[in-house]
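Remarks on the overall topology
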Amino acid sequence: MPTLSVFMDVPLAQKLEGSLLKTYKQDNCPQKMFLAYRACMTNEGQPWISSMVHKIRLQIAQDPSLNHEYMPAMGMKSFIQASLELLFGKHSRVILENRVGGVHTVGDSGAFQLGAQFLKTWRGTSQIVYIISSQNELHGLVFQDMGFTVCEYSFWDSRQLCMSPNMLLDVVEQAPHGCIFVIGNIGNFKMTQHQWVKLMAAMKSKHIFPFFDIPYQGLSTGDLEEDTKFLQYFVSGGFEFFCSQSLSKNFGIYGEGVGILAVVAFNNRLLLCALSQLMHFALALWLNPPTMGARIITTILCNPALQEAWKQNLKEVVENIMLIKEKVKEKLRLLGTPGSWNHITDQNGPHGYLGLNSQQVDYLVKEKHIYIPKNGRINFTCINGCNIDYVTESINEAVLFTKDSEK
């Protein structure tokens, strides 16, 4: 008698954004292009890696004093400290008062997995999570799998073609008392001092717990401190919060998947209690974090000369991103493409919205074999001297085609 499979009733999971890459790979058109890679790309179309990384990786491989023993559950202490100083500043008030700590996490979503587990256990009165970012995040899946009710919003105002602080303020106003607020890339748009004060006052009055996401510090503006300056507002405002800091993208070690979950508490006693519980969850989730990426990053951050060289690397990448955006905008202007394209250069970081509607995006994918997400948010480092003419001419064609079809 045949045995029934345990997996008989298991359906295929819903396809994620990765299906776009799969479709691109199956396309046989020689001019096909993929503009949605997560990694920063070089002008040669390869993932960008900081020049410091190759050198340090070789040094580590040849160091006879290093072993491959297990790390403590909390992770590599020197890496955590260096990461916190990068995030808040070495002489930050919160570091000097010894009320910020961290846990070495695995992958880009590891900090959210760990933070969600903690909040599920120790903030059981609130099971509602609001996620607001400049893009569709995978963090929602983490919280949903743990039983949270998740509401997702975007900063991007497709009508005004800008990152709208008012959208963030409106969401906070409608959010329920005591909910968890996951905020990604908040430094990606400009808020006035009055707007910051209003935002924090609303969050504090509703006892909202902030959970920030810093996916690529330094690659937004080229200034490490500027990219995380908003954290100081929340520290000064007397908030406790979590912050996910991924360090894979800004060092170019994408496959290492390394970062920390930073915890800011009212005082050191509360911090130590929170960290002790997080350590127990980390033991259950991954037991021990990988060390290679953490060793590379720690070596660079703890050596002033290497850190300065790395900072210069970041500035060069950001300058190149800004140049690409300027060229795209100028070429669209010269082509006479309808509409204003200032929003391209108004956005910070490697990723940004083209400001195209779904019909225009569909035209690019199907007619021009240029693969971009449905929301029109692309990785501008995928555009280079070899393909910029084809990309801009195709955008112009898509806009004109949809304009004609509307008549």
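Look above for the structure.
This report concerns the structure included in the present document. (Residues numbered from 1 in each chain as written. Predicted model: local features only at pLDDT ≥ 70, side-chain atom pairs only at ≥ 80, totals over all residues. Heavy atoms only, no water.)

So, about the sheet that holds strand S8 (residues 209-214). Pairing between the strands of a sheet is mediated by backbone hydrogen bonds and can be parallel or antiparallel. Strand order in the open sheet made by the seven strands is S2-S10-S9-S8-S7-S3-S4, with mixed pairing throughout. Taken across any chain shown, the strands that pair with only one partner, and hence form the sheet edges, are strand S2 (100-106) and strand S4 (149-154). Strand after strand, the sheet turns through a mean of 20° between neighbouring axes, direction not considered. Looking at chain direction, S8 and strand S9 (residues 241-246) are connected through four bridges and run parallel. In the strand pairing of S9, Phe211 is matched with Phe242. The sheet contacts of helix H5 (residues 110-122) involve S2, strand S7 (180-184), S8, S9 and strand S10 (258-264), and relative to S8 the element is tilted by about 170°. (Pairing = 2+ DSSP bridges. Helix = DSSP H or I, 4+ residues; strand = E, 2+ residues; numbered from the N terminus. Axes fitted to C-alpha atoms, helices over the stretch in contact; angles between N-to-C directions. Contact = heavy atoms within 4.5 Å.)

The final tally for this structure, using the stated rule, is eight salt bridges. Measuring nitrogen to oxygen at the nearest pair gives 2.6 Å for the salt bridge that ties Glu97 to Arg99. The partner of Lys331 in a salt bridge is Asp389, and the shortest N-O contact between them spans 2.9 Å. Of this pair, Lys331 sits in helix H13 (residues 304-334) while Asp389 is found in helix H16 (residues 388-406), placing the two residues 58 residues apart along the sequence. A relative accessible area of 37% places Asp389 in the partly exposed class. (Salt bridge = Lys/Arg side-chain N within 4 Å of Asp/Glu carboxyl O. Buried < 20%, exposed > 50% of the residue type's maximum accessible area, 1.4 Å probe, protein only.)

Looking at where Asn384 falls in the secondary structure, it is placed in the loop between strand S13 (377-379) and H16. Assessed through its relative accessible area of 12%, Asn384 is described here as buried. In this structure the side chain of Asn384 is engaged in a polar contact, spanning 2.9 Å, whose partner is the backbone nitrogen of Cys386. Excluding its chain neighbours within four sequence positions, the residues that come into contact with Asn384 are Asn43 and Gly45. (Polar contact = N/O pair within 3.5 Å; in protein donor to acceptor, adjacent residues only side chain to side chain.)

A word on a nonpolar patch on the surface. On the surface, a cluster of nonpolar side chains totalling about 380 Å² of accessible area is made up of Val6, Phe7 and Val10. When its relative accessible area of 56% is taken as the criterion, Val10 is described as exposed. (Patch = residues over 30% accessible without salt bridge, like charges linked within 9 Å, V, L, I, M, F, W, Y side chains within 5 Å. Areas by Shrake-Rupley, 256 points an atom, 1.4 Å probe, with all protein chains shown as cover.)

Turning next to H13. With 31 residues, H13 extends 45 Å between its outermost C-alpha atoms, agreeing within 8% with the 45 Å of an ideal straight helix rising 1.5 Å per residue. The opening residue of H13 is Asn303, an N-cap whose side-chain oxygen sits 3.0 Å from the backbone nitrogen of Ala305. Phi turns positive one or two residues past the end of H13, at Gly336, with a value near 75°. (Expected span 1.5 Å × (residues − 1).)

So, on to the packing of aromatic side chains. Taken as a whole and assessed by the stated rule, the structure comprises 22 aromatic pairs. Seen in terms of ring centroids, Tyr130 and Tyr153 are 5.8 Å apart; in terms of plane orientation they differ by 10°. Their pairing is stacked. Here Tyr153 lies in strand S4 and Tyr130 lies in strand S3 (residues 128-133), a separation of 23 residues in the sequence. You can call Tyr153 partly exposed: its relative accessible area is 30%. Geometrically, the ring pair formed by Phe209 and Phe242 is edge-to-face, given 5.1 Å between the ring centres and 90° between the ring planes. Here Phe209, found in strand S8, pairs with Phe242, found in strand S9; they are 33 residues apart in sequence, far enough to count as distant. Of the two residues, Phe209 and Phe242, neither departs from the other in class, the shared state being buried. One aromatic cluster in this structure is built from Phe88, Trp196, Phe212, Phe230, Tyr233, Phe234, Phe239 and Phe241. When the ring centre of Phe148 is taken as origin, the NZ or CZ atom of Lys120, which lies over that ring, is 5.2 Å away. (Phe/Tyr/Trp six-rings, centres within 6.5 Å; stacked < 30°, edge-to-face > 60°. Lys NZ or Arg CZ within 6 Å of the ring centre and 35° of its normal.)

Turning next to the environment of Leu20. With respect to the helices and strands, Leu20 occurs in helix H1 (residues 18-26). Look at Leu20 and you get buried, because its relative accessible area is 14%. Here Leu20 is in contact with Phe34, Ala36, Tyr371, Ile372 and Pro373, once residues within four sequence places are set aside.

Here we come to the side chain of Thr105. Relative to the helices and strands, Thr105 is located in strand S2. Among the polar contacts listed, one links the side chain of Thr105 to the backbone nitrogen of Ile260, at a separation of 3.4 Å. Ignoring anything within four residues of it in the chain, the contact list for Thr105 reads Gly110, Ala111, Leu114, Gly257, Val258, Gly259, Ile260, Leu261 and Trp286.

Given 3.6 residues to a turn, an α-helix orients residues that are three or four positions apart in the same direction. Turning to helix H2 (residues 51-61), its buried residues number three or more, namely Met52, Val53, Ile56 and Ile60. Down the axis of H2, the sector holding all buried residues measures 95°, keeping them to one side. Residues of H2 that are exposed and angled more than 90 degrees away from the buried face: His54, Leu58 and Ala61. (Arc of directions from axis to C-beta.)

Let us now look at the packing of helix H8 (residues 193-205) against helix H10 (residues 229-236). Where H8 contacts H10, the two axes come as close as 11 Å, and the packing angle between them is 50°. Accordingly, the angle class assigned to the pair H8 and H10 is oblique. Considering the relative orientation of H8 and H10, their crossing is right-handed. Listed contacts from H10 to Gln193, Trp196, Leu199, Met200 and Met203 of H8 are Phe230, Tyr233 and Phe234. Broken down by class, the residue content of the contact of H8 with H10 amounts to seven nonpolar, one polar and no charged. (Parallel < 35°, antiparallel > 145°, perpendicular 65-115°, else oblique. Left-handed = near helix turned anticlockwise from the far one by under 90°. Nonpolar A, V, L, I, M, F, W, Y, C, P; charged D, E, K, R; others polar.)

Any functional reading would require information beyond the geometric quantities listed.
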